[in-house]
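The chain contents come next:
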Amino acid sequence: MSRHERRRFRREVSGPDLITSLVRPDDPRLRGVPILFRAVRWWLSCLPSALPPKGCLLCERSLWCEADVGAILLSMSATPTTCVACAGLCLDCYGRADWGRIEAACTAVLQTAVPDGTFVDPVLQ
Ligand SMILES: [Zn+2]
């Protein structure tokens with residue numbers, strides 16, 4: 001990821017310490033941020049064989065393939081890193097759940113990943 005790409009992406013989605021984004025699995029903006037694009041493709045490729053299966057971050061329904069996934073919560077440190085955390089939101093929740101509940105669930109996931117972290121900006125809508 002070039003500096004310019006990183007700046008652009010941060011401006012769109014970030015807090016100062018943890019870059020977070022809730023994106024559709026096929027969001028075209030991912031192509032502009034290769035580390036996130038690769039993380040999403042890798043995460044999706046792991047779904048069919050994940051044991052235990054990965055669950056929706058809101059309703060905990062099992063996610064077995066890309067078609068089950070409405071959106072993916074991505075988070076990575078704002079400092080240079082190759083580590084991207086992914087969590088899935090199922091298609092039903094993405095389409096129907098109240099946005100406040102989705103955001104609260106995303107916040108809970110992120111606080112698990114970063115115990116002392118605070119969630120600065122709302123996730124990308
Ligand atoms: Zn769900």
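What you see is a predicted model; the values in this text were computed from it and never measured.

Conventions used here
Residues numbered from 1 in each chain as written. Predicted model: local features only at pLDDT ≥ 70, side-chain atom pairs only at ≥ 80, totals over all residues. Core = buried A, V, L, I, M, F, W, Y, C linked by C-beta atoms within 7 Å. Buried ≥ 20, exposed ≤ 12 C-beta atoms within 10 Å, placed from the backbone. Helix = DSSP H or I, 4+ residues; strand = E, 2+ residues; numbered from the N terminus. Contact = placed C-beta atoms within 7 Å. Pairing = 2+ DSSP bridges.

(A) The arrangement of the nonpolar core in detail. Ranked by internal contacts, the top residues of the largest apolar core, which has 29 residues, are L57, I72, L73, L74 and L89. At the level of secondary structure, the elements contributing two or more residues to this core comprise β1 (18-23), α2 (34-46), β4 (69-77), β5 (84-90) and α4 (99-113). In terms of residue count, the dominant contributor to this core is β4 (six residues). Ignoring sequence-local partners within four residues, the contact set of L57 consists of L73, A87, G88, L89, A105, C106 and V109.

(B) Fine view of unusual backbone geometry. A cis amide bond, omega -5°, links L51 with the succeeding residue P52. By the element assignment, P52 lies in the loop between α2 and β2 (54-55). Although it is not a glycine, E60 adopts a positive phi angle of roughly 70°. Within the secondary structure, E60 is located in the loop between β2 and β3 (62-63). On the basis of neighbour count, E60 is assigned to the exposed category, with 12 C-beta atoms found within 10 Å.

(C) Summary view of the environment of L22. In this fold, L22 is placed in strand β1. In sequence terms L22 and G70 are 48 residues apart; their C-alpha atoms lie 9.8 Å from each other.

(D) Spatial organisation of the environment of C56. Relative to the elements of secondary structure, C56 occurs in the loop between β2 and β3. Overall, the presence of 23 C-beta atoms within 10 Å leaves C56 in the buried class. Ignoring anything within four residues of it in the chain, the contact list for C56 reads R61, L63, G88, L89, C90 and C93.

(E) The arrangement of the pairing of β5 in detail. Of all seven residues in β5, five are buried, a share of seventy percent or more. Sheet analysis places β4 next to β5, joined by seven bridges and oriented antiparallel. Bridging from a neighbouring strand, I72 pairs with G88 of β5.

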